[in-house]
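Structural features, examined
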There are 2 protein chains.
Amino acid sequence: MAKIGIVGLGSMGFGMACSMVRAGLETWGHDVNPDAVTAFHAEGGQTSTLHAAAPSLDALVVVVLNAAQTKAVLCGADGLMTQMRPGAVILSCATVPPSFAHEMEAEAEKHGLLYLDAPISGGTVKAAEGQLTIMASGRPEAFDAARPTLDAIAAQVFTLGDHAGPGSAMKSVNQMLAGIHIAAMGEALTFGMTQGISPETFLDVISRSAGTSWMLESRAPRVVSGDYDARSSVDIWPKDLGIALDIARDARFSAPLTAAALQQFLAASGMGLGAEDDSAVAKVYARNARLTLPGKDTP
Amino acid sequence: MAKIGIVGLGSMGFGMACSMVRAGLETWGHDVNPDAVTAFHAEGGQTSTLHAAAPSLDALVVVVLNAAQTKAVLCGADGLMTQMRPGAVILSCATVPPSFAHEMEAEAEKHGLLYLDAPISGGTVKAAEGQLTIMASGRPEAFDAARPTLDAIAAQVFTLGDHAGPGSAMKSVNQMLAGIHIAAMGEALTFGMTQGISPETFLDVISRSAGTSWMLESRAPRVVSGDYDARSSVDIWPKDLGIALDIARDARFSAPLTAAALQQFLAASGMGLGAEDDSAVAKVYARNARLTLPGKDTP
């Protein structure tokens, strides 16, 4: 039976960990929040510590917030890279710059470890169902070693190259579009309100017209129902659009729509909405135009 | 048999006129280009002039470029409104400000005419198939009088209000999103190229991911194949996003993504690409980043 560790039992990682247990993998979970670890034990997670199990792991999944946390987990004197057996594989799932993925792959190779650049997409529901999309790149041996884990957590795995980097690059391309489309949904929905079009009518018509997008169909219903319980939070976007714009700046690439979308998410976060659902970017537009969105506590 | 006139036999109007003939409507076409009129005769259009037939028309479809042309066709000393019989209906299909639609409805009522605010969506292929989407508003009598024409040209008619204005407002909301999504496609596709992601791989992965949009799936294949023969031209967007931003300014509505998208289409038009397919907005990004897009004559 494959032995898998997973670091990060947050909104995405917890669902992935449970999917791994359901798929019959012997799974150790770790999180800075001990309650999350206890909750995972109740779902069938191994009860010894991940650090104790590290030398026997076949694969380690890292689902933390960003590059800095990924590096803290893997590298340094007590990083997990120093404790894993040669030939084991690391699946790195945070959204990070491609250059960071490349650097981590080189670091893993120094320890005789395989590395899969494996950012995830699909949201918490698909994470819990084991139905994520993974934009992956890495050596063929890394894909082979990661296969049981990928089968447990993903419905779709894109194979984007034989080294780390292209997976993270594609994730940033996807996040650029997703972030723009969420902000554009907020912009158009509220613009329509200034013209007497209700959010309900907006959703009904636009979701069946050429102006629709995957994100509009996902997020506009939340604005219509006034439900801002976070499934993907506002604060994801200053991070992910920030990464995209950092990469773009390094490449001397001008990305004006991405830059405009980032400003709207920053304004939402600045309004104190960072932990709300990312559809709350519509509240920035509503506030600026003195519009009242659906829902009892929205401006 | 219903007698219908149509003014404007361009890329959209010609297909609509032919759909009307196919549906068994007695149809008179007019265009400033006499070749278009001759071509429509060959498709079964009536050969007497539309102006001669005006007093007997049941409905008049106006499919010209903008508000100014619509007004020139309908109003003034020799405008068609002065020549049509009371009770006939006008279907106004150009993208115009809601306030203009409202003004035209009032003008039509002075002449005893019905008026349907009826902007169209769907592109030239659906126009030719009689399968357009129409975002319509107007008095119930106007809808009733327009029914045979709507049945001939549209697969889907949204009923957005009992007076002119909401139809045009919804069209501007849709165009705002569509324009943003086309520019965002160009931005993300070329950003991906700076990271080593080919346009083909971009299309393959993103069209199956959360970053997709209706417009991306329509337009990205044209960039991938280097085919910029216009189905919807770059120059549509300075017009339609300009209308949206004019309405937004009047409403004191801040629309930063729309504004950013407009600048990219203006740059494309300024580069001399106004008559190319709107997917050529990708060339603005490619030029700025010294990227070579697919196709033999692209930078």
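Small disclaimer: the values here were computed from a predicted structure and weren't measured. (Residues numbered from 1 in each chain as written. Chains lettered and ligands numbered in written order. Predicted model: local features only at pLDDT ≥ 70, side-chain atom pairs only at ≥ 80, totals over all residues.)

Contact residues are listed per partner, giving 52 residues for chain A and 52 residues for chain B. Only β7 (132-138), α8 (166-194), α9 (199-206), α10 (214-225), α11 (236-250) and α12 (256-273) of chain A provide two or more residues apiece to the side of chain A that touches chain B. The element that contributes the greatest number of residues to the side of chain A that touches chain B is α8 of chain A, accounting for 17 residues. By residue class, the composition of the side of chain A that touches chain B is 32 nonpolar, 17 polar and three charged. (Contact = placed C-beta atoms within 7 Å. Helix = DSSP H or I, 4+ residues; strand = E, 2+ residues; numbered from the N terminus. Nonpolar A, V, L, I, M, F, W, Y, C, P; charged D, E, K, R; others polar.)

We now examine helix α11 (residues 236-250) of chain B. Taking 1.5 Å of rise per residue, 15 residues should cover 21 Å, and α11 of chain B covers 21 Å from first to last C-alpha, within 8% of that figure. For α11 of chain B, every residue scored as buried is listed here: Trp 237, Asp 240, Leu 241, Ile 243, Ala 244, Ile 247 and Ala 248 of chain B. When α11 of chain B is viewed along its axis, its buried side chains cluster within an angular range of 145° and face the same direction. The outward face of α11 of chain B, more than 90 degrees from its buried face, is lined by the exposed residues Arg 249 and Asp 250 of chain B. Tucked inside the fold, the buried residues of α11 of chain B contact α8 of chain A together with α5 (98-110), α8 (166-194) and α12 (256-273) of chain B. (Expected span 1.5 Å × (residues − 1). Buried ≥ 20, exposed ≤ 12 C-beta atoms within 10 Å, placed from the backbone. Arc of directions from axis to C-beta.)

Time to look at the relation of the copies chain A and chain B. Related by rotation about an axis and a shift along that axis, the two copies of the chain form a pair. Expressed as a screw operation, the relation of chain A to chain B combines 0.0 Å of axial shift with a rotation of 180°, fitting to an RMSD of 0.0 Å. These values place the two chain copies in the arrangement generated by a two-fold rotation axis. Within chain A, the C-alpha atom positioned nearest to the axis of rotation is that of Ser 213 of chain A, 1.9 Å from it. A share of 98% of interface residues in chain A that are also interface residues in chain B marks the association as one of identical surfaces. (Least-squares fit on C-alpha atoms with pLDDT ≥ 70 in both.)

Looking now at the domain arrangement of chain A. Residues and elements named next belong to chain A. When its domains are assigned, chain A resolves into domain 1 (3-163) and domain 2 (169-288). Distance between the C-alpha centres of domain 1 and domain 2: 29 Å. Contacts between the two partners involve eleven residues from domain 1 and, on the opposite side, twelve residues from domain 2. Its residues assigned to classes, the side of domain 1 that touches domain 2 shows six nonpolar, five polar and no charged. (Domains from an automatic or database assignment.)

Keep in mind that low pLDDT regions are not for reading the predicted coordinates in detail. Mean pLDDT over chain A stands at 96; residues scoring 70 or higher make up 99%. The ipTM value of the predicted complex is 0.94, and its pTM value is 0.95. (pLDDT = per-residue confidence, 0-100.)

Another aspect to go through is the nonpolar core. Grouped together as the largest cluster of nonpolar side chains are 224 residues, with contacts concentrated most on Val 62 and Leu 257 of chain A together with Val 62 and Leu 257 of chain B. Not counting the four nearest positions on each side in its chain, Val 62 of chain B is found in contact with Val 7, Gly 8, Thr 70, Val 73, Leu 74, Ile 90, Leu 91, Ser 92, Cys 93 and Ala 94 of chain B. (Core = buried A, V, L, I, M, F, W, Y, C linked by C-beta atoms within 7 Å.)

Of all five residues in strand β1 (residues 3-7) of chain A, four are buried; the element is thus mostly enclosed. Since β1 of chain A and strand β2 (residues 26-30) of chain A lie parallel, the crossover through helix α1 (residues 13-22) of chain A that links them has a hand, and here it is right-handed. (Right-handed = clockwise from strand over helix to strand, strands pointing away.)

Residues and elements named next belong to chain A. Their axes nearest at 9 Å, the elements α11 and α12 cross at an angle of 155°. As summarised for this structure, α11 and α12 are arranged roughly antiparallel, according to the angle between their axes. Between α11 and α12 lies a crossing whose hand is left-handed. Contact with α11, carried on its side by Trp 237, Pro 238, Leu 241, Gly 242, Ala 244 and Leu 245, involves Thr 258, Ala 259, Ala 261, Leu 262, Phe 265, Leu 266 and Ser 269 of α12 and no other residues of that element. For the contact of α11 with α12, the per-class residue count stands at ten nonpolar, three polar and no charged. (Axes fitted to C-alpha atoms, helices over the stretch in contact; angles between N-to-C directions. Parallel < 35°, antiparallel > 145°, perpendicular 65-115°, else oblique. Left-handed = near helix turned anticlockwise from the far one by under 90°.)

The next thing to look at is the packing of α1 of chain A against helix α7 (residues 140-153) of chain A. All names here are of chain A. Packing of α1 against α7 leaves a shortest axis separation of 8 Å and a crossing angle of 110°. Regarding the angle of α1 to α7, the classification is roughly perpendicular. Judged by residue contacts, Met 16, Ser 19 and Met 20 of α1 engage Thr 149, Ala 152 and Ile 153 from α7. Its residues placed into classes, the contact of α1 with α7 shows four nonpolar, two polar and no charged.

Here we take up the environment of Met 12 of chain B. Tracing the chain through its elements places Met 12 of chain B in the loop between β1 (3-7) and α1 (13-22). Sequence separation between Met 12 of chain B and Gly 123 of chain B is 111 residues, and the spatial gap between their C-alpha atoms is 7.0 Å.

On to unusual backbone geometry. With a phi angle near 50°, Arg 290 of chain A is a residue other than glycine that sits in the positive phi range. Relative to the elements of secondary structure, Arg 290 of chain A occurs in the segment after α13 (282-288).

Time to look at the environment of His 181 of chain B. For His 181 of chain B, the location among the structural elements is in helix α8. Linking His 181 of chain B and Thr 212 of chain B, residues 31 residues apart in sequence, is a C-alpha distance of 9.2 Å. When sequence neighbours within four positions are dropped, the list of residues in contact with His 181 of chain B reads Ser 213 of chain A together with Ser 213, Met 215 and Leu 216 of chain B.

With that settled, consider the pairing of strand β7 (residues 132-138) of chain B. Each regular strand shows side chains that alternate between the opposite faces of the sheet. Residues and elements named next belong to chain B. The buried fraction of β7 amounts to seven of the seven residues, a majority that puts the element mostly inside the structure. Where strand β5 (residues 114-117) meets β7, two bridges bridge the pair, whose relative direction is antiparallel. Residue pairing in the sheet places Leu 116 in a bridge with Gly 138 of β7. Two strands pair when backbone bridges link them, and strand β6 (residues 120-121) and β7 are joined in this way by two bridges, in the antiparallel orientation. Considered in β7, the bridge of Ser 121 is made with Thr 133. (Pairing = 2+ DSSP bridges.)

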